[in-house]
Structures are given as C-alpha cells and as structure tokens.
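# Coordinate analysis (summary)
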Amino acid sequence: MAPGKRVRQFTPSVFAEFSRLAQAHGAVNLGQGFPDFEGPLQIRAAAAHALEAGQNQYAMSAGTPVLREAVAAHAQRFYGQRVDPAREVVVTCGATEAIFDAVQAFVEPGDEVVLFEPFYDSYLASVAMARGVPRFVQLHAPDDLHPRWWFDDAALTAAFSDRTALVIVNTPHNPTGKVFTADELARIGALAKQRGAVLLTDEVYEHLVFPGASHVRAATLPGLGDHTVTISSGGKSFSFTGWKVGWAIGPAELIGAIQNAHQWVSFCTPAPFQAAIAQALALPDEYFRGFVADYQAKRDFLAQALSEAGLTPLPCEGTYFLMAKTDGLRQAGEDDVAFCRRLVADVKVAAIPPSSFYGQAHASAAHGLARFAFCKTQPVLDEARRRLARRG
Ligand SMILES: Cc1ncc(COP(=O)(O)O)c(C=O)c1O
C-alpha cells in the first residue's frame, strides 16, 4: 500500500545525511545542533530522583502543575510576563510538538502561514501536514548597508493576506543567529493582529543571546499579548535536547486550542523530565550568566577558526550556530550541499548546507553559505580549528 501524500512528500533530512557522512569520514561534527556535553548535574540528579521516587505514570496532559508553575515563574522573572499556570501553559514533547500542535490548532487547509526564510525545517513540515500554504519573507544576509540579517518591510506586508492564519517567528533565529528587535517584532505582531492571525514565537534559544543584543519576548510588547503564543523548551537552555520537554504560553483560549491537539498527539510529556526541568527553570542567575558566557567564548573561537581558514563568519547575535560565507574556499559552480560534502570528505569537518532551511524557490540564496554549530567541547572545537587550518 502506498503511504499517504502527507508523509510521502518528505525525504530524510539533510541532518541525517551529514551525520552519516561525518561518521563515515571520521569528521569533527559541527553539523548537529546539540551539545556534546552534559547539562547541570543537579538537574540530572533531579530526573533520576523523580524516576526512583515513582513519577513514572502518565502526567496530566497539560503538564504537571509543578512544571507549569515553574514556566510561569520563569516568564515573570525574566520578562515580567504574567502567566496563569493553570490556563495559559501547555507542556509538550519538545518545542517541535508545540509547533506542530499550534499549526494543527490554527491552520485550516488553504490557510496561509507567514514564515521567515531561512526557517527551522519543522515549520514547513507542520504547515504541509495541516495543508496550509507557506508565504515566505526573506531574511537577507548582512551587507554594506545592513550590519545585521534584515528583511524588507514591503515584502513583509506583501506576505500577509485575508487567508493569513499564523505567523511564525524564531528569535534568536536558527540558522542565522539573528535576534529580532522589539521594533521588528512589533511590526510583525501588528500585521498579524490586523489580519486576525496568531503570532507564534519560537524562543528555544531565549537564553543564548550575546552582549550587544537582547532577547525580547514579543508577547510582552504593547498590543501583542492577546494573539501571541510563545514556545520554548528545556533542550537548549539546559543542554538536555534528548529530554524533549517543551511548552507553549499564551492566552487561555489559544492554549486551550493547542491543548486540544496535544491530547491527541502525545497526550503528555515524560513525567520525570518535567520534574527536573521545573528545577532547571529556577536555577540561579549565575547559571544563565555562565551559560551565555561559555557560549560566547565558543562562538568567538569558532569565528576566528573559520576566518583563519578563509571563510567569512557572519555576525551571530544569538543561538549556537554560526553562518559563514564560503566564497573563500568554494570551487566554481559548487552549491552549499556540494561544498559541505567536500568539506566533510576532504577537511573532515561537518557543517550543514543551509539550503535545507529554504523553500525550493529560494534555496539558491544559501549556495554560498554553510552553518556551523558551536555547542561542542573545547577539544572538539580545537580539533576543528586544526583541521580547517591545514584543510584536511
Ligand atoms: C528553532 C528551533 N525550534 C525548535 C527546535 C526543537 O526544539 P525541541 O528539541 O525542544 O523540540 C529547535 C532544535 O534545533 C530549533 O532550532
């Protein structure tokens, strides 16, 4: 029997291909977007304790009260955002499920979803499975006139229509490292409001914002709270990507709609990991300060290593990804996929070709770029630098 079109349209992701290539070539893997080190010991101990203490049955579908309270307290502490943990939070299996559920909740077949391109690839898949129609707004790389990744206001306005049901903004942004400003978010949020659309902000890298930029929670901007859903997760902020504890915060009626989808997608998120992430969200300020300082050092080290090797790293305001222009090392006619395949085979350093973050029509915008992850231990980054310096 042939599988349904809904899944037939997908091919294995580029991440799977490059992880396989990295292994086959014994490469230093700067492709994978997850840390090769452990999150805080006391949080791992909290998960172990929860397992041993018997938190091993289904959790409440919307999330354990303890985690929902911790999510609300964290929102108040970092953003002054007032959240009712009983009605305005739903806990999901990672941010990925929250995104999927939200698209299911708000997008009817034929409805339009505004996405910034490049985009985290699960957005397009979620929209496709809901039979929504993506409308892309290009993010342009920094140039002489624009020191940061930028978008054209007219293009933004043109992406909206009477059919716009949802707008997804990822800030800090994977793969570009862009952190959207309050002004940019206010403009996007106002257009969503005019069209009666929901604004979904994916803030999984909220604690990975480097000095010079600051993270703005769109939901706290004037006039945006009533139609904005904020998504985040414990994976990035605490280096536990394998735990898949995510959540959505928003007005009760929007969260209720997401909960309606969530109860039939995963029903609930593993209870022991919810208990541990509740403790992680309450870690003292020193944890969050140390976390970003460590990553800043890694970012600067990798940027230097890429420059020395003849690549041109682009500014990275947040996340643990660096985009680099490859012109210095690219062969004539080589696109980003061919470049990254050659890099992994010859230099034995794996990066991700960013065309995978674009729709087909605009994939060529990524042909001179590669994405490198720096969520890696110093010896791994040292080895990447050595290999890049001797190009093999
Ligand atoms: C922008 C963005 N959103 C969501 C996710 C997925 O988060 P989670 O692991 O919590 O599902 C990722 C992971 O790479 C990401 O980069």
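Relevant structure appears above.
From a predicted model like this one, the values you see are computed outputs, not experimental measurements.

## As for the overall build of the protein
Within the protein one finds 14 helices and 12 strands. By the compact-globule yardstick of 21 Å for 392 residues, the protein fits well, its C-alpha radius of gyration being 21 Å. The principal-axis extents of the C-alpha atoms in the protein amount to approximately 55 × 55 × 50 Å. Nonlocal contacts in the protein, meaning residues at least 24 apart in sequence, comprise 74% of its contacts between residues at least 6 apart.

## Overview of the layout of surface pockets
Considered as a void within the structure, the largest pocket measures approximately 750 Å³ in volume. Taken together, 23 residues make up the lining of the largest pocket; nearest its centre are T11, D121, L124, S356 and Y358. Broken down by secondary-structure element, the contributors of at least two residues to the lining of the largest pocket are α2 (14-24) and α6 (121-129). Residue composition of the lining of the largest pocket, by class: 13 nonpolar, 8 polar and 2 charged. Of the domains in this structure, domain 1 (5-38 + 288-390) and domain 2 (41-285) are the two that each give at least three residues to the lining of the largest pocket. Here the second largest pocket is characterised by a volume of approximately 550 Å³. Lining the second largest pocket we find 30 residues, and of these G33, T96, Y120, Y205 and K236 sit closest to its centre. Of all the secondary structure elements, the ones that give two or more residues to the lining of the second largest pocket are α2, α5 (94-106), α6 and α9 (234-237). Residue classes in the lining of the second largest pocket are distributed as 12 nonpolar, 13 polar and 5 charged. Residues lining the lining of the second largest pocket come from more than one domain, with at least three contributed by each of domain 1 (5-38 + 288-390) and domain 2 (41-285).

## Here we look at unusual backbone geometry
Following E117, the chain continues into P118 via a peptide bond in cis, with omega recorded as 5°. Looking at where P118 falls in the secondary structure, it is placed in the loop between β3 (112-117) and α6. Residues T171 and P172 are joined by a peptide bond in cis, for which omega reads -15°. Tracing the backbone through its elements, the reader meets P172 in the loop between β5 (164-170) and α8 (182-194). The residue R131 is not glycine, and still its phi comes out positive at about 60°. Considering the arrangement of structural elements, one finds R131 in the loop between α6 and β4 (133-138). Positive phi, normally seen in glycine, also occurs at T319, with a value near 75°.

## Considering the sheet that holds β5
What the 7 strands build is an open sheet, ordered β2-β8-β7-β6-β5-β3-β4; its pairing is mixed. Edge strands, defined here as strands with exactly one partner in the open sheet, are β2 (89-93) and β4. Recorded for the sheet is a direction-independent mean angle of 25° between the axes of neighbouring strands. With 4 bridges joining them, strand β7 (residues 228-233) and strand β8 (residues 245-249) adopt antiparallel strand pairing.

## Quick look at the site of the ligand
Residues in contact with the ligand, as listed here, are G94, A95, T96, Y120, N170, N174, D202, V204, Y205, S233, K236 and K244. Between T96 and the ligand, the recorded distance is 2.6 Å, taken from a side-chain N or O atom to an oxygen atom. Between the ligand and Y205, the relevant distance is 2.7 Å, taken from an oxygen atom to a side-chain nitrogen or oxygen of the residue. Cavity membership is defined here by more than half of the atoms lying within 2 Å of grid points; on that basis the ligand lies in the second largest pocket.

## So, the pattern of salt bridges
Summed over all chains, the structure comprises 22 salt bridges. We note a salt bridge from E317 to R148, for which the minimum N-O separation is 2.9 Å. Within this pair, whereas E317 is found in the loop between β9 (312-313) and β10 (321-325), its partner R148 is found in the loop between β4 and α7 (153-159), the two being separated by 169 residues in sequence. Residue class for E317 comes out buried when judged on its relative accessible area of 18%. Judged by its relative accessible area of 24%, R148 is partly exposed.

Rules of the game
Residues numbered from 1 in each chain as written. Predicted model: local features only at pLDDT ≥ 70, side-chain atom pairs only at ≥ 80, totals over all residues. Heavy atoms only, no water. Helix = DSSP H or I, 4+ residues; strand = E, 2+ residues; numbered from the N terminus. Rg over C-alpha atoms; globule rule 2.2 N^0.38 Å. Contact = heavy atoms within 4.5 Å. 1 Å grid on protein atoms, 1.4 Å probe; cavity = no way out; pocket = protein on both sides within 12 Å on 5 of 7 lines; lining within 4 Å. Points joined across faces, edges and corners; volume = space filled by probe spheres on them. Nonpolar A, V, L, I, M, F, W, Y, C, P; charged D, E, K, R; others polar. Domains from an automatic or database assignment. Pairing = 2+ DSSP bridges. Axes fitted to C-alpha atoms, helices over the stretch in contact; angles between N-to-C directions. Near = heavy atom within 4 Å. Polar contact = N/O pair within 3.5 Å; in protein donor to acceptor, adjacent residues only side chain to side chain. Sits in = over half its atoms within 2 Å of the grid points. Salt bridge = Lys/Arg side-chain N within 4 Å of Asp/Glu carboxyl O. Buried < 20%, exposed > 50% of the residue type's maximum accessible area, 1.4 Å probe, protein only.

Treat this as a map of the structure, not an account of what it does.
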